[in-house]
Amino acid sequence: MYLLHQKSRLLTNYKYTLQLFNQIQHSFSSIYEQQQQQQYCIPRTQQVSSFSRTKEQFICETKMSDLKSKFLEVYAVLKSELLNDPDFEFTDDARQWVERMLDYNVPGGKLNRGLSVIDSYSLLKEGKELTSDEIFQASSLGWCIEWLQAYFLVLDDIMDGSHTRRGQPCWFRLPKVGMIAANDGILLRNHIPRILKNHFRGKPYYVDLLELFNEVEFQTASGQMIDLITTLVGEKDLSKYSLSIHRRIVQYKTAYYSFYLPVACALLMAGENLDNHVNVKNILIEMGIYFQVQDDYLDCFADPEVLGKIGTDIQDFKCSWLVVKALEHCNEEQKKLLHENYGKDDPACVAKVKALYNDLKLEDVYLEYEKKTYEKLINSIEAQPSKAVQAVLKSFLAKIYKREK
């Protein structure tokens with residue numbers, strides 16, 4: 001009863017809650033607007049010039065702006081609930097720390113994963129207008145995924161010794177934060193079941209949600225483990241790299257939580273049994289692998305001005321799809337050159353690796369991979385018996401096919 005009263009009180013004082021959030025929303029609004037329009041409004045035919053703006057694009061942008069605004073409003077409610085959790089007696093210092101930590105780490109990304117829950121659930125409803133309660137619940141699940149993402153990134157930055165994340169210093173690099181960030185990561189993870197308990201405990205799929213998030217966290221952490229032990233510091237050994245290793249890292253570290261989890265949440269909300277959608281999971285995993293291969297390709301071949309960053313996979317000795325394909329195609333002399341130059345933070349060494357990639361025509365190899373993968377995915381999607389599920393999967397594919405950043 002207390003939680004129900006707390007939820008009622010928060011929703012009654014909604015305007016006050018939003019006022020607290022206005023500063024955050026204003027800070028991130030321009031970033032969200034640019035990135036979300038790109039991710040969610042890519043024409044499926046890819047025939048519309050980026051310099052023109054059609055009626056359909058305008059409608060899409062308007063819908064995404066409204067959806068994003070509602071999504072951000074739900075963040076304010078969830079944050080306020082967590083900062084007033086009855087199971088912990090907050091001091092002013094503790095509450096201020098957690099609020100600052102949340103605002104710094106949770107809402108600052110592209111929000112693609114979280115917004116995809118609402119997008120997918122809407123498509124599963126086959127055109128029926130979502131109620132306010134449905135939007136709130138789908139948004140809450142979307143934010144659980146964003147919380148999970150923040151948890152992964154805070155700890156990943158510590159493990160990698162990174163300096164920046166999303167254009168600002170990593171959380172653990174901030175003065176007075178340091179290794180407290182490790183505990184903050186644990187807090188972020190523990191916020192997820194509290195959100196689920198507050199808003200889904202009475203739902204028939206509540207246990208399924210708990211199991212889903214636990215399963216995906218285990219898979220992602222295991223993928224991170226494979227990545228870390230394959231690229232041990234001081235042990236740069238290209239012989240460890242293969243297409244199967246690359247696939248395993250990507251499948252477990254990225255594909256499950258970035259592609260499968262949002263759709264699985266939407267399916268559960270729609271009353272579906274996930275055991276009946278194994279093929280959907282497999283398609284989304286393949287899509288996630290394709291997405292990471294794109295990332296690896298763009299890191300080397302994309303225009304940094306368009307990509308928004310300068311790629312560093314070569315210098316960082318990443319188990320990239322490109323280096324794996326290079327190892328498959330090169331002769332012994334080329335392989336020697338790769339071993340001598342890959343993983344060195346020297347512009348001359350990077351240039352030699354890129355020249356080798358060009359000699360091996362890896363750009364053409366990638367374009368052929370992309371063509372075959374797209375055809376395979378479309379065929380698999382259209383084999384699904386549900387038109388609504390097909391629409392969800394095609395929506396995901398449209399967001400990433402032929403992307404430039």
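The structure under discussion appears in the preceding block.
The paragraphs below set out a description of the structure included in this document. (Residues numbered from 1 in each chain as written. Predicted model: local features only at pLDDT ≥ 70, side-chain atom pairs only at ≥ 80, totals over all residues. Heavy atoms only, no water.)

Another point: the overall build of the protein. Secondary structure summary: the protein contains 16 helices and two strands in total. Of all 405 residues assigned to the protein, the portion counted as buried reaches 49%. Restricting the contact set of the protein to residue pairs at least 6 apart, pairs at least 24 apart contribute 78%. (Helix = DSSP H or I, 4+ residues; strand = E, 2+ residues; numbered from the N terminus. Buried < 20%, exposed > 50% of the residue type's maximum accessible area, 1.4 Å probe, protein only. Contact = heavy atoms within 4.5 Å.)

Moving on: the packing of aromatic side chains. The full count for this structure, using the stated rule, is 22 aromatic pairs. Consider the rings of tryptophan 143 and tryptophan 147, whose centres lie 6.4 Å apart with planes at 80°: the pair is edge-to-face. Taken together, the residues tryptophan 143 and tryptophan 147, both in helix α6 (residues 132–160) and four residues apart, mark about one turn of the helix. An aromatic cluster is defined as three or more aromatic residues linked by ring pairs; in this entry it consists of Tyr290, Tyr297, Phe301, Trp321, Tyr366 and Tyr369. In this structure, lysine 399 packs its charged tip against the face of phenylalanine 396, placed 4.6 Å from the ring centre. The cationic tip of arginine 403 hangs over the ring face of phenylalanine 291; the distance from NZ or CZ to the ring centre is 4.0 Å. (Phe/Tyr/Trp six-rings, centres within 6.5 Å; stacked < 30°, edge-to-face > 60°. Lys NZ or Arg CZ within 6 Å of the ring centre and 35° of its normal.)

With that settled, consider a nonpolar patch on the surface. Among the surface-exposed residues, Met159, Met225, Leu228, Ile229 and Leu232 lie close enough to one another that they form a single nonpolar patch of about 420 Å² accessible area. In terms of residue count, the dominant contributor to the nonpolar patch is helix α8 (residues 206–230) (three residues). Examined against the element boundaries, leucine 232 turns out to sit in the loop between α8 and α9 (243–269). (Patch = residues over 30% accessible without salt bridge, like charges linked within 9 Å, V, L, I, M, F, W, Y side chains within 5 Å. Areas by Shrake-Rupley, 256 points an atom, 1.4 Å probe, with all protein chains shown as cover. Salt bridge = Lys/Arg side-chain N within 4 Å of Asp/Glu carboxyl O.)

What follows deals with the packing of helix α7 (residues 180–200) against α8. In contact at an axis separation of 10 Å, α7 and α8 are set at 165° when each is read in the N-to-C sense. The angle between α7 and α8 falls in the class roughly antiparallel. Along this stretch, α7 crosses α8, giving a crossing that reads as right-handed. Packed against α7, whose contacting residues are Arg189, Ile192, Pro193, Leu196, Lys197 and Phe200, the element α8 presents Tyr206, Leu209, Leu210, Phe213, Asn214 and Glu217 at the interface. (Axes fitted to C-alpha atoms, helices over the stretch in contact; angles between N-to-C directions. Parallel < 35°, antiparallel > 145°, perpendicular 65-115°, else oblique. Left-handed = near helix turned anticlockwise from the far one by under 90°.)

This brings us to the pattern of salt bridges. When their charged atoms lie close together, side chains carrying opposite charge are able to pair. This structure, assessed with the given rule, holds 18 salt bridges. The shortest N-O distance in the salt bridge between arginine 165 and aspartate 156 comes to 3.7 Å. Judged by relative accessible area, aspartate 156 falls into the buried class, the value being 11%. When the shortest N-O distance is used, the salt bridge between arginine 165 and aspartate 157 registers 2.7 Å. Salt bridges here are not isolated pairs; linked through shared partners, they connect Lys79, Glu99 and Asp103.

The next point concerns empty space enclosed by the protein. By rolling a water-sized probe across the atoms, one finds the places where empty space is left. In total, this model carries three cavities of 30 Å³ or more according to the counting rule given. Space inside the largest cavity adds up to approximately 100 Å³. In terms of lining, the largest cavity is formed by Tyr104, Asn105, Ala150, Leu153, Val154, Asp157, Arg165, Arg166, Gln168, Pro169, Cys170 and Trp171. Every element with two or more residues in the lining of the largest cavity is listed here: α4 (92–105), α6 and β2 (168–169). (1 Å grid on protein atoms, 1.4 Å probe; cavity = no way out; pocket = protein on both sides within 12 Å on 5 of 7 lines; lining within 4 Å. Points joined across faces, edges and corners; volume = space filled by probe spheres on them.)

Further remarks concern the environment of glutamate 305. Its place among the elements puts glutamate 305 in helix α11 (residues 304–307). Classification of glutamate 305 as exposed rests on a relative accessible area of 70%.

In this structure, glycine 308 sits in the loop between α11 and α12 (321–329). Residue classification places glycine 308 among the exposed residues on the basis of a relative accessible area of 63%. Expressed as a C-alpha distance, the spacing of glycine 308 and lysine 405, which sit 97 residues apart in the sequence, is 7.6 Å.

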